[in-house]
Amino acid sequence: WSIVDARVWKAQIGYLARHFRVITFDGRGCGRSDRPLDPAAYTDDQFAADAVAVLDAAEVERAVLVGFSRGASYAVHAAASAPDRVAGIVAIAPACRFDGPSDHELALWESPQHGQDGWSTYNRPFWLSGGYPAFVEFFFRQVFPEPHSTQQIEDCVEWALENDPAVVAATTDARLSRRGAVNPPIEPASAHVRCPVTVLHGTDDRVGPVAVGRRLAELTGGSLITVEGSGHGVLARDPVLINTELRRFVEQIWPPAAVRSTWTRAGRREPRVLYLSSPIGLGHARRDLAIARALRTLRSDVRIEWLAQHPVTRVLADAGETIHPGSAWLANESAHIEAEALDHDLHAFQAIRRMDEILINNFMVFDDVVADGRYDLVVGDEAWDVDYFLHENPDRKRFAYAWFTDFVGWLPMPDGGEREAALTTDYNAEMLEQRARFRRLRDRSIFVGQPDDIVDASFGPGLPEIRAWTEANYDFAGYVGAPVPAAPEDRDRLRAAFGYRPDERVCLVSVGGTGVGEALLRRVLEAVPLARRLAPDLRFVVITGPRIDAGRLPSPDGAELMGYRSDLVEHIAACDVAVVQGGLSTCMELTAAGRGFVYVPLRHHFEQNFHVRARLDRYRAGVCLDYAGACDPEALVGTLLSILGQPTCSAPVEPDGAVTAAGLLADLL
């Protein structure tokens, strides 16, 4: 229905386009297509003709048509009128009419209603007199009746509000054959459908009952798949099912090419591990390499492959690791995070919510990889896509599975108000429900740290305390990071290798593996002249990382800029003081090295502001400076110089976390 445009297919396109050619288009009345006001422009046969015109324009002879809701009617009419162009139909939650509108239905649509709420908002005068937004809010809550559907509802409401109520009213006039429109019946068209048909329909569809899908399957001689407990928006709420069923249907029509493979008896196979390392920053990659190396010490026969994306792949390549070729299919999470950030401000919770299109794409890549790979163990270090969709689709698990994280619990930022508090509570509640329902799904849940590193907070009103729940549900590895050379002789050797003079002190500046930290780098570089006037022996070494071009940044006297360095921990060991973002890994590596540092959490980044800060406070490490202070050269330099040369009093960082974590993984092999 033209109330939303082709973005409604965002959970399908990435996966299907790896296997087939995929074409979507905005139906007339929405998106970037024309928006006539004449209802006669929106009848089912007009939409069917549009579909064929799109095939002509794309030079496609035959296609499988996939129709959602009213789109199922358009697909049936296209198959009836152009049978040589339609190879098959998949009808998702079809909203077809098998008879004309009743007088009661027409009265509800045409006549002004009193006390409008619920389905009475499906009313032409109400829409045209300012009530359309209220209808949209109600309607999409009916489309997605499943719990924890906040993101899907928000998406569709946003898209629907981009439309003109008069246009949407014209599409409904067409469906009801009003104002000069004559909508053709579907039953005669169904009788002319000769191609294969599959209907998928949720049993809790509150827009069109499952009986509609059953009737369409009968009329077309098609198959029916009912989705127990799912609502109308099944393509968005159950995308793994929809994607795999679409692929299966198309491959029945166009079988894939024959493949040759080798199968090895279980007793002769080496243990195989697929390792997933989060690309949001490079700390995950450094700790995961430490764990992988420790695992190989315990199990010399283990074979580890990595499913990863830039910039993690650069770290892995430098370390000589094996990167699975399927990694090339992953959508880049770092690019999304960078696009969400502005001037050292990253609303991490909302950014991850809006990353749903990327997460489903990447889960489908993972699902294809493990289907072909015969892995004994999958390790996910904050692989949110895999963990979420495995819990939603537990039948996809065919391996032992271990999950790593260094924080537990989404937390609202104070200025997010009641809405953000409700959203984080809802996300936490969904996670708790998943874990309670499918405890068997994770064979290990491993917290990178100790129980005292967990924030003293609740998952939300009516939900458990985070620390108590985590202690009951996780194993604890202690902190895991890249080994930091901490002995004095190591430091002297590194300083000589880096060309540092004995009479100079070095300030390391680093902002991690994404491009989000560029604003902070600029603030530090602006403060370098002042710092050098007050401390002439201070040398700045600025490491921009793999996704920030050092050539775009100013280069004041006394500052040396360099891009990605695989030896970052050695620079940490060699420096005297540092300025960094609030990311956990770099801060903990500085803590392990015994260095004083200033850390500037990203604004609205709940993990850096709450979880990381709580842990650093426990270790008595670092000085936190807000971004407003970092933007003031005097405040930044004053804070930096106040800790330069001062003895650090941080608590020691446990040195054997990687070995402990590897032991927990080895048990699963």
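Residues numbered from 1 in each chain as written. Predicted model: local features only at pLDDT ≥ 70, side-chain atom pairs only at ≥ 80, totals over all residues. Heavy atoms only, no water.

K.L.:
Help me out: how do you make sense of the pairing of strand S9 (residues 400-405) in this one?
P.N.:
Across the six residues of S9, six count as buried, placing the element largely inside the fold. Alternating residues of S9 divide into Ala 400, Ala 402 and Phe 404 and Tyr 401, Trp 403 and Thr 405, and every residue in both groups is buried. Bridge count for strand S8 (residues 377-381) against S9 is five bridges, and the pairing is parallel. Counted as the bridge partner of Val 379 is Ala 402 from S9. One crossover worth recording links S8 to the parallel S9 by way of helix H17 (residues 384-392), and it is right-handed. With four bridges joining them, S9 and strand S10 (residues 444-447) adopt parallel strand pairing. Residue pairing for S10: Thr 405 is matched across the bridge by Phe 447. (Buried < 20%, exposed > 50% of the residue type's maximum accessible area, 1.4 Å probe, protein only. Helix = DSSP H or I, 4+ residues; strand = E, 2+ residues; numbered from the N terminus. Pairing = 2+ DSSP bridges. Right-handed = clockwise from strand over helix to strand, strands pointing away.)

K.L.:
Hey, could you run me through the pattern of salt bridges in this one?
P.N.:
Charged atoms that come close allow side chains of opposite charge to pair. If you walk through the whole model with that rule in mind, you get 58 salt bridges. For Asp 5, the salt bridge identified is with Arg 7, shortest N-O distance 2.8 Å. Classification of Asp 5 by relative accessible area gives buried; the value is 10%. With a shortest N-O distance of 3.1 Å, Arg 495 and Asp 576 are connected by a salt bridge. With a gap of 81 residues between them, Arg 495 in helix H20 (residues 488-498) and Asp 576 in the loop between helix H22 (568-574) and strand S15 (577-581) connect regions that are remote in the sequence. By relative accessible area, Arg 495 is classed as buried at 9%. Each of Glu 110, Arg 124, Asp 173, Arg 178 and Arg 179 takes part in salt bridges that share partners, so that together they form one network. (Salt bridge = Lys/Arg side-chain N within 4 Å of Asp/Glu carboxyl O.)

K.L.:
What is the right way to look at the packing of aromatic side chains in this model?
P.N.:
The description of two aromatic rings rests on the distance between their centres and on the angle between their planes. Per the stated rule, a full pass over the model turns up 34 aromatic pairs. Relative to Tyr 122, the ring of Trp 119 lies with its centre 6.4 Å away and its plane at 55°, an arrangement referred to as tilted. Relative to Phe 135, the ring of Trp 127 has its centre 4.8 Å away and its plane inclined at 40°; by these criteria the two rings are tilted. The buried category is assigned to Phe 135, whose relative accessible area is 0%. A connected cluster of aromatic rings, assembled from ring pairs, spans Trp 1, Trp 109, Trp 119, Tyr 122, Trp 127, Tyr 132, Phe 135, Phe 138, Phe 139 and Phe 140. Here Arg 272 stacks its cationic end above the ring of Tyr 375, 4.6 Å away from the centre of that ring. Seen from the ring of Tyr 619, Arg 618 lies directly overhead, with NZ or CZ sitting 4.7 Å from the centre. (Phe/Tyr/Trp six-rings, centres within 6.5 Å; stacked < 30°, edge-to-face > 60°. Lys NZ or Arg CZ within 6 Å of the ring centre and 35° of its normal.)

K.L.:
What is the right way to look at the environment of Arg 353 in this model?
P.N.:
Position of Arg 353 among the secondary structure elements: in helix H15 (residues 348-353). Overall, the relative accessible area of 3% leaves Arg 353 in the buried class. Note: C-alpha distance between Arg 353 and Gly 558 (205 residues apart in sequence) is 41 Å. Ignoring sequence-local partners within four residues, the contact set of Arg 353 consists of Thr 150, Gln 151, Glu 154, Arg 419, Leu 423 and Tyr 427. (Contact = heavy atoms within 4.5 Å.)

K.L.:
So what exactly am I meant to see when it comes to the sheet that holds strand S5 (residues 272-277) here?
P.N.:
Pairing between sheet strands relies on hydrogen bonds along the backbone, with the strands arranged either parallel or antiparallel. The strand order across the open sheet built from seven strands is S7-S6-S5-S8-S9-S10-S11, with neighbouring strands paired in parallel fashion. Looking at which strands have only one partner, the edges of the open sheet turn out to be strand S7 (322-323) and strand S11 (475-476). Two elements, S5 and S8, share five bridges in a ladder whose sense is parallel. Residue pairing across strands places Leu 274 opposite Val 378, the latter belonging to S8.

K.L.:
Looking at this structure, how should I read the packing of helix H4 (residues 103-110) against helix H7 (residues 165-175)?
P.N.:
The geometry of a pair of packed helices is captured by two quantities: the angle between their axes and the separation between those axes. Two elements in contact, H4 and H7, have axes separated by 12 Å at closest approach and are oriented at 165°. As judged from the angle between their axes, H4 and H7 are roughly antiparallel. The handedness of the crossing between H4 and H7 is left-handed. Along its contact with H4, which presents Glu 105, Trp 109 and Glu 110, the element H7 presents Ala 169, Thr 172, Asp 173 and Arg 175. Residue composition of the contact of H4 with H7, grouped by class: two nonpolar, one polar and four charged. (Axes fitted to C-alpha atoms, helices over the stretch in contact; angles between N-to-C directions. Parallel < 35°, antiparallel > 145°, perpendicular 65-115°, else oblique. Left-handed = near helix turned anticlockwise from the far one by under 90°. Nonpolar A, V, L, I, M, F, W, Y, C, P; charged D, E, K, R; others polar.)

K.L.:
Explain unusual backbone geometry here, please?
P.N.:
A cis amide bond links His 310 with the next residue in sequence, Pro 311, at an omega value of 10°. Within the secondary structure, Pro 311 sits in the loop between strand S6 (303-307) and helix H13 (312-318). Even without being glycine, Ala 93 reaches a positive phi, approximately 50°. Within the secondary structure, Ala 93 is located in the loop between strand S2 (86-92) and H4. In this structure, Arg 620 is a non-glycine residue whose phi angle is positive, near 55°.

K.L.:
Please explain the side chain of Gln 142 as it appears in this structure.
P.N.:
Structurally, Gln 142 can be placed in helix H5 (residues 124-143). You can call Gln 142 buried: its relative accessible area is 16%.

K.L.:
Before we go on, may I ask you to explain helix H19 (residues 466-473) in this structure?
P.N.:
Because the α-helix completes a turn every 3.6 residues, residues three or four places apart line up on one side. Listing the buried residues of H19 in full gives Ile 466, Trp 469, Thr 470 and Asn 473. Viewed end-on, H19 has its buried residues packed into an arc of 100°, placing them on one side of the element. (Arc of directions from axis to C-beta.)

K.L.:
Where do I start with the environment of Ala 285 in this structure?
P.N.:
Counting through the fold element by element, Ala 285 comes out in helix H12 (residues 283-298). In sequence terms Ala 285 and Gly 513 are 228 residues apart; their C-alpha atoms lie 10.0 Å from each other. Ala 285 has contacts with Ser 277, Val 312 and Val 315, leaving out every residue within four places of it along the chain.

K.L.:
For this particular structure, what's the right way to read the nonpolar core?
P.N.:
One recurring pattern in soluble globular proteins is that nonpolar side chains are buried together. With 87 residues, the main nonpolar core has Ile 3, Ile 92, Trp 127, Phe 135, Phe 140, Leu 274 and Phe 366 as its most contacted residues. For this core, the element with the most residues is helix H16 (residues 356-373), which contributes nine residues. Leaving out residues up to four positions away in the same chain, Phe 366 has contacts with Leu 274, Leu 276, Leu 307, Val 378, Val 386 and Phe 399. Of all hydrophobic cores here, the second largest spans 65 residues; its members include Val 273, Tyr 564, Phe 597 and Leu 616. (Core = buried A, V, L, I, M, F, W, Y, C linked by side-chain atoms within 4.5 Å.)

K.L.:
Can you walk me through the sheet that holds strand S13 (residues 538-543) in this structure?
P.N.:
Spatially, the six strands line up as an open sheet ordered S14-S13-S12-S15-S16-S17, and their pairing is parallel. Because the sheet does not close on itself, it has two edges, and the strands there are strand S14 (559-562) and strand S17 (623-624). Two elements, strand S12 (residues 505-510) and S13, share six bridges in a ladder whose sense is parallel. Looking at S13, one finds that Val 509 is bridged to Val 542. Running over the sheet, helix H23 (residues 584-593) touches S15 and strand S16 (596-600) and is turned about 160° from S15.

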